[in-house]
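The lines below spell out each chain.
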Amino acid sequence: MQMKNTLRLGFVAVGLTLLGGCSSEVGRLPLVDTDITCLRKQMAGPMYLSFPLAANTCQRMTNHNFMFGEKNAKPIPLNLKDAPDLQKQADEYGYSYTR
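Conventions and cut-offs
Residues numbered from 1 in each chain as written. Predicted model: local features only at pLDDT ≥ 70, side-chain atom pairs only at ≥ 80, totals over all residues. Heavy atoms only, no water. Core = buried A, V, L, I, M, F, W, Y, C linked by side-chain atoms within 4.5 Å. Buried < 20%, exposed > 50% of the residue type's maximum accessible area, 1.4 Å probe, protein only. Helix = DSSP H or I, 4+ residues; strand = E, 2+ residues; numbered from the N terminus. Contact = heavy atoms within 4.5 Å. Arc of directions from axis to C-beta.

The protein is annotated in an unreviewed UniProt entry as Lipoprotein of Acetobacter pomorum DM001.

Draft legend 1. Highlighting the nonpolar core. Residues Leu39, Phe51, Ala55, Leu78, Leu80, Leu86 and Ala90 are the most contacted members of the largest nonpolar core, which totals 15 residues. Listed by contribution, the elements that provide at least two residues to this core are α2 (35–44), α3 (51–58) and α4 (84–93). Sort the elements by how many residues they give to this core and α3 lands first, with four residues. The contacts of Ala90, once residues within four sequence positions are left out, are Phe51, Leu80, Tyr95 and Tyr97.

Draft legend 2. Structural context of α2. Listing the buried residues of α2 in full gives Asp35, Ile36, Cys38, Leu39 and Gln42. One side of α2 holds all its buried residues, which, seen down the axis, span an arc of 165 degrees. Close packing links the buried residues of α2 with α3, β1 (78–79) and α4.

What follows is the structure, encoded as structure tokens:
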């Protein structure tokens, strides 16, 4: 009985360690939010963030926020296809994006 509890506790510890090392990007719902939906949600929410703050919150990194490789991580250009209003703001503030 004690062996089962120890094994379960070990699985929980390993799971928490893995989750702590890799997390979804800040401000985004994993596998659901696109760059456009994340930006619109951040800019329209109760805080009404400006475009630069919303972009910094929603922008993904090449290491996907994994703690290893953080030193060499670079921002991935925002995917703003079919959002000309957001493209205009990205141009205005100097953010890279795909059309």
